[in-house]
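# A structural walkthrough
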Amino acid sequence: MAAPQTTQLKISGMGCASCVGRVESALQTVPGVSGASVNFATETAQVTHDGQVSALIDALSGAGYPAATRQTTLKVDDMSCASCVSRIERSLKADPAVIDARVNLATESAQITFVEGATEPQALAQRCKDAGYSARVAEGTDIQTDNAKSEEARALNRSTIIAAALALPVFVLEMGGHMIPAFHHWIHLTIGTQNSHLIQFALTSALLLGPGRVFYEKGIPSLLHRSPDMNALVALGTGAAYLFSVTATFAPQILPEGSANVYFEAASVIVVLILLGRAMEARAKGRTGAAIRKLVGLQPKTARVEVEGAFVDRPIADISIGDTLQIRPGERVPVDGDVLEGSSYVDESMITGEPIPVGKERSDQVVGGTVNGTGALRVRATRVGADTVLAQVIRMVEQAQGAKLPIQGLVDRITAWFVPIVIAISLLTLVVWLVFGPAPALPMALVTGVSVLIIACPCAMGLATPTSIMVGTGRAAELGVLFRKGDALQQLQQARVIALDKTGTLTLGRPELEHVSPVNGFDREDVLRLAAAVEARSEHPIATAITRAGPADLPTVSEFESLTGLGVRAKVAGRDLLIGSPRLMAQNGIDLAALTAEADLRASEGATPLFVAIDGKAAALLTVSDPIKPGTRDALERLHAMGLKLAMITGDNARTAQALADKLGIDDVTAEVLPDGKLAAITALRDRFGALAFVGDGINDAPALAAADVGVAIGTGTDVAIETADVVLMSGDLRGAANAVEISRRTMRNIRQNLGWAFGYNILLIPVAAGVLYPLSGQLLSPALAAGAMALSSVFVVSNALRLRRVRATLPVAKQGQASQAVTT
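In this numbering scheme, every chain counts its residues from 1 along its sequence in written order. In keeping with the predicted nature of the model, local features appear solely for residues at pLDDT of at least 70, side-chain atom pairs appear and are counted solely at 80 or more, and the whole-chain, interface and lining totals rest on all residues. To obtain the side-chain values, all non-hydrogen atoms of the structure were included, while hydrogens and water were left out.

Here we come to the environment of Leu482. Only DSSP runs of H or I covering at least 4 residues are called helices, and only runs of E covering at least 2 are called strands; the numbering of each starts at the N terminus. Tracing the sequence through the fold places Leu482 in strand β17 (residues 481–483). Relative accessible area serves as the criterion here: at 1%, Leu482 is assigned to the buried category. Considering only alpha carbons, one finds Leu482 and Ile394, 88 residues apart in sequence, at a separation of 9.6 Å. If near-sequence neighbours (up to four positions away) are discounted, Leu482 is found in contact with Val393, Met396, Val397, Ala477, Asp726, Val727, Val728 and Met730. When accessible area is computed with a 1.4 Å probe and restricted to protein chains, residues below 20% of their type maximum are described as buried, those above 50% as exposed, and intermediate ones as partly exposed. Throughout, a contact is declared for two residues whenever any of their heavy atoms are within 4.5 Å.

What follows is about the sheet that holds strand β26 (residues 668–670). Strands sit in the order β17-β29-β28-β27-β18-β25-β26 across an open sheet of 7 strands; the sheet is mixed. Both edges of this open sheet fall to β17 and β26, since each of them pairs with a single strand only. The sheet shows a mean angle of 20° between the axes of neighbouring strands, direction not considered. Bridge count for strand β18 (residues 497–500) against strand β25 (residues 645–649) is 4 bridges, and the pairing is parallel. Counterpart to Ile498 in the pairing with β25 is Leu646. The angle between two axes is taken between their N-to-C directions and runs from 0 to 180 degrees, where each axis is a line fitted to C-alpha atoms and a helix contributes only its stretch in contact. Packed onto the sheet, helix α27 (residues 735–770) meets β17 and β29 (727–729) and runs at close to 50° relative to β17. Whether two strands pair depends on DSSP finding at least two bridges between them.

With an omega of -10°, the peptide bond between Ala439 and Pro440 qualifies as cis. As for its position among the elements, Pro440 is in the loop between α14 (406–436) and α15 (441–455). One non-glycine residue, Asn520, adopts positive backbone phi at about 55°.

Time to look at a positive patch on the surface. A patch is a set of surface residues, each over 30% in relative accessible area and not in a salt bridge, joined within 9 Å for like charges and within 5 Å for the nonpolar side chains Val, Leu, Ile, Met, Phe, Trp and Tyr. Here the accessible surface of atoms and residues is derived via Shrake-Rupley with a 1.4 Å probe, and residues count as covered only by protein chains that are part of the display. Salt bridges are counted wherever a side-chain nitrogen of Lys or Arg sits within 4 Å of a carboxyl oxygen of Asp or Glu. For the purpose of charge, His is not counted, nor are the chain termini; Lys and Arg are scored as positive and Asp and Glu as negative. Working definition for charges: the position is that of NZ of Lys, CZ of Arg, CG of Asp or CD of Glu. A grouping of Arg749, Arg752, Arg803, Arg806 and Arg808 is seen on the molecular surface, where their side chains present a positively charged patch. Of note, Arg749 is situated in helix α27. Accessibility expressed as a relative area gives 41% for Arg749, which makes it partly exposed.

Moving on, we come to the confidence of the model for the protein chain. Confidence of the predictor in every single residue is expressed as pLDDT, which spans 0 to 100. Per-chain confidence: the protein chain averages 82 in pLDDT, with 89% of residues scoring 70 or above. When mean pLDDT is compared element by element in the protein chain, β18 scores highest at 94, while helix α30 (residues 818–821) scores lowest at 33. Predicted confidence for residues 141–145 stays below pLDDT 50, and this span has 8 contacts to residues more than four positions away or in other chains. Note that residues 814–825 has pLDDT below 50 and, in this model, 33 contacts with residues that lie over four places away or in other chains.

Turning our attention to the packing of aromatic side chains. In this scheme Phe, Tyr and Trp rings, the latter by its six-membered ring, pair at centre separations within 6.5 Å, and the angle between planes marks the pair as stacked below 30 degrees, edge-to-face above 60, and tilted otherwise. Within the structure shown, the criterion is met by 8 aromatic pairs. Ring plane angle 65° and centroid distance 6.0 Å describe the contact between Tyr242 and Phe264, whose orientation is recorded as edge-to-face. Placement of the pair is Tyr242 in helix α9 (residues 230–250) and Phe264 in helix α10 (residues 264–288), with a sequence separation of 22 residues. The same class applies to Tyr242 and to Phe264, which are both buried. Both rings, one in Phe244 and one in Tyr263, keep their centres 5.9 Å apart while their planes meet at 50°; by these two values the pair is tilted. Here the residue Phe244 occupies a position in helix α9, and Tyr263 occupies one in the loop between α9 and α10, the gap between them amounting to 19 residues. Across the pair, Tyr263 and Phe244 agree in class, each one buried. Counting every residue linked through ring pairs, the aromatic cluster contains Phe201, Tyr242, Phe250 and Phe264.

Moving on, we get to the pattern of salt bridges. Under the definition given, this model contains 28 salt bridges. With a closest N to O distance of 3.3 Å, Arg380 and Asp338 form a salt bridge. One end of the pair, Arg380, is in strand β16 (residues 377–383); the other, Asp338, is in strand β11 (residues 336–341), and 42 residues separate them in sequence. Judged by relative accessible area, which is 17%, Asp338 ranks as buried. One salt bridge connects Glu742 with Arg746, and the closest N-O pair in it is separated by 3.7 Å. Residue Glu742 and its partner Arg746 are both found in helix α27; the two are separated by 4 residues, about one turn of the helix. Counted as one network, the salt bridges with shared partners bring together Asp526, Arg529, Arg575 and Asp615.

At their nearest, the axes of helix α19 (residues 524–535) and helix α20 (residues 541–549) sit 8 Å apart, and the two run at 135° to each other. Here α20 runs oblique to α19, going by the angle between their axes. Note that α19 runs across α20; the crossing there is left-handed. Residues Leu528, Ala531, Ala532 and Glu535 of α19 pack against Ala543, Ile546, Thr547 and Ala549 of α20. Basically, the charged four are Asp, Glu, Lys and Arg, the nonpolar ten are Ala, Val, Leu, Ile, Met, Phe, Trp, Tyr, Cys and Pro, and anything else, Gly included, counts as polar. For the contact of α19 with α20, the per-class residue count stands at 6 nonpolar, 1 polar and 1 charged. Here roughly perpendicular refers to angles of 65 to 115 degrees, roughly parallel to angles under 35, roughly antiparallel to angles over 145, and oblique to all remaining angles. Handedness of each helix crossing follows the sense of rotation of the near helix against the far helix: counterclockwise by less than a right angle gives left-handed, clockwise gives right-handed.

A few words on the sheet that holds β16. Overall, antiparallel pairing links the 6 strands, which are arranged β9-β8-β10-β16-β11-β14 in an open sheet. The outermost strands of the open sheet, each flanked by one partner alone, are β9 (310–315) and β14 (365–366).

Below, the discussion takes up the UniProt feature "transmembrane region" (unreviewed entry) in the protein chain. UniProt positions are given in the numbering used here, feature names are shortened, and annotations may be inferred rather than shown by experiment. The sites that carry the UniProt feature "transmembrane region" (unreviewed entry) are, in the present numbering, residues 159–180, 186–209, 230–254, 260–277, 414–436, 442–465, 755–774 and 780–802. From the first C-alpha to the last, residues 186–209 spans 30 Å; its make-up is 88% helix and 0% strand.

This part covers the pairing of strand β28 (residues 710–714). Among the 5 residues that make up β28, 5 are buried, leaving the element largely enclosed by the rest of the structure. Burial of β28 is two-sided: the residues Val710, Val712 and Ile714 facing one way and the residues Gly711 and Ala713 facing the other way are all buried. By the bridge criterion, 4 bridges tie strand β27 (residues 692–696) to β28 in an arrangement that is parallel. By the bridge assignment for β28, Ala693 is matched with Val710. Here β28 runs beside β29; their pairing, made up of 3 bridges, is parallel. Residue pairing in the sheet places Ala713 in a bridge with Val728 of β29.

With that out of the way, let us pick up a nonpolar patch on the surface. On the surface, a nonpolar cluster with roughly 600 Å² of combined accessible area is contributed by Leu428, Val431, Val432, Leu434, Val435 and Phe436. Positionally, Val435 belongs in helix α14. What makes Val435 exposed here is its relative accessible area of 55%.

One way to put it is that α15 packs onto helix α29 (residues 783–802) with a least axis distance of 8 Å and a crossing angle of 10°. Classified by the interaxial angle, the pair formed by α15 and α29 is roughly parallel. On α29, the residues that touch Val447, Val450, Ser451, Ile454 and Ile455 of α15 are Pro783, Ala786, Ala787, Ala789 and Met790. Partitioning the contact of α15 with α29 into residue classes produces 9 nonpolar, 1 polar and no charged.

This brings us to the side chain of Thr204. Summarising the element assignment, Thr204 is placed in helix α7 (residues 193–209). For Thr204, a relative accessible area of 0% gives the class buried.

What follows is the structure, encoded as structure tokens:
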């Protein structure tokens, strides 16, 4: 029975002191609990129990007071293959306080969810160290990763050069004689065969004790812990070749006759090739995180802060909300803020993906990391530190890159058994060749057994998925598409129907004056000027649209009267104006015969017609509508071309919705629904077509975004914290949705290519290394060639993933200011 221990748990959901008794009762009913004390003020519980924290968690959840959980990220070093991933995950999950642990080989990190109070991140890092892997708690964005990767690559380069210098004479002495008989005779007559073997022994020993020592330092302990990894395979293979060669050199009499051959060159060349492969892999892996490093590098180190009328330079970390900052032409905006003074154009491409600068003036918002143009700005800081848009973007990208796709579950289950199976195959190969192989059987058995160990490549399997996720999500972020959840990459490419909200998604989300059609000899500009002056007195959105379309200098209005449900009446520049519905015009005897046909046509297209009468005569028809966003047609055409069904789900009236759908070629329309009706519509569409992605504005569409298989939120440069969405489009442009689907498909195709290569490589070449082709060709695969193939396998997977960096947007991005026109409603 486990020794009693005391655990402090953080409790959530306690609303009053009476909850204390219920929580204590729930805890005391758990077998093994000898005492439970709950503190309402601190919302904690001290529990003395036998160590089964999971039972305590279940009891609290069942009672309606779940234990609070935390997430932490560890940076883990020394991982070399997929087997390391499984080993670390098992070690972390062995802690009863850990709810979930996901280790990522490509990012060299572990994301852990644990019960708050039951353990600490430092204790989890120690668990990794106990398993043989150095780990530390990541604090914010780990900017040192780039330097660490560069240093790792440089260290591997040095080790490879030293190993190659030691291995080259060994290779020449041994293999030179096999390739050129005259060279063999020259060695025999000058140096002597035994002396040649002694030289090879000395050089190989130096190589294995020097650059090759890393494989034994990590591989042997993993064998002793019964969780062998990639290093164990190399240690077994090179160690077997080395020990056999040492025996053949110093005690050949104990080996069967004719089998006393040396394989120092195999052990040496294997180490060189694997080190070379790891150096190439480290260099390639260093480039997979380029997107994160680019984002981190966008934030300036200092900012000019106004202090008592003067501007002084301060570190970014010292900026506080409310500080006034000066941003000079060409400088990066240091933090998020509101413009107090000045005007300029700001390049926001790093956030929205749009290359054309956006105009900024007083009261506009600017985003930290964007680049100011030729104007000077005074800005009040509104978000600093981890709350800035840039920090949120980095956090989202990091979370997505560290995620595990559903497809990775199968890979993990296979790789957990991969290395033990390879060792078993190697031993079986050795036995089969010893029993059935031609004389001398021992050298052939050794060559095939070592080749099996060396050619197997769990690294390629472990890197196949995470490297593609890293590069794909990073490239997506550069194009203004944020995959907040890594598994959205897999789910989005499975979507068969794209459902879209109308207002703020397909349209701009605010009324705009679309047409002015004058009649009876009235001048268009004069009618618009008078109408805008009258509507300036109203706060109705349609009135605002008319005023916005009018000139800046408006005449004086008097006798203004709002007629509820009908329109407005006023006197402007000595003229009587009526603006409103046909009923208002009929009540005042206004003849609309010249405008009725056009008004009906505009209404059938989903627009809102208003009539203007001046001095008792019909003057013009004003048509107000919610305009289609620029780029929407292009986006929908592209989504259709991808084979996707398109649906609209909106609360607007059916006539307006259908008119818009007809214009845009949308296949299915559900109109006049409340938020809960949107959920029912999503379920019906999913049943008809299959997996569904919903695209909305991220605020009033939150329930629908959460209910969809993939929620895609159309945000703006300063509204990225949309917690219900799986994917966030930083621009207000729907073309980003088409780009998101394209990136998802390209990334998943890349993952399938990597997995196909990784599994196909091992399935095909392990039998070749075991000698299945020997009866046909009479040749065995050299362990050195096996090492070269293994090294190139991992490099191929990472290099293939890096191709995603060249993905281009399938559609052009919006023009200047278009993203800023989108207003969520």
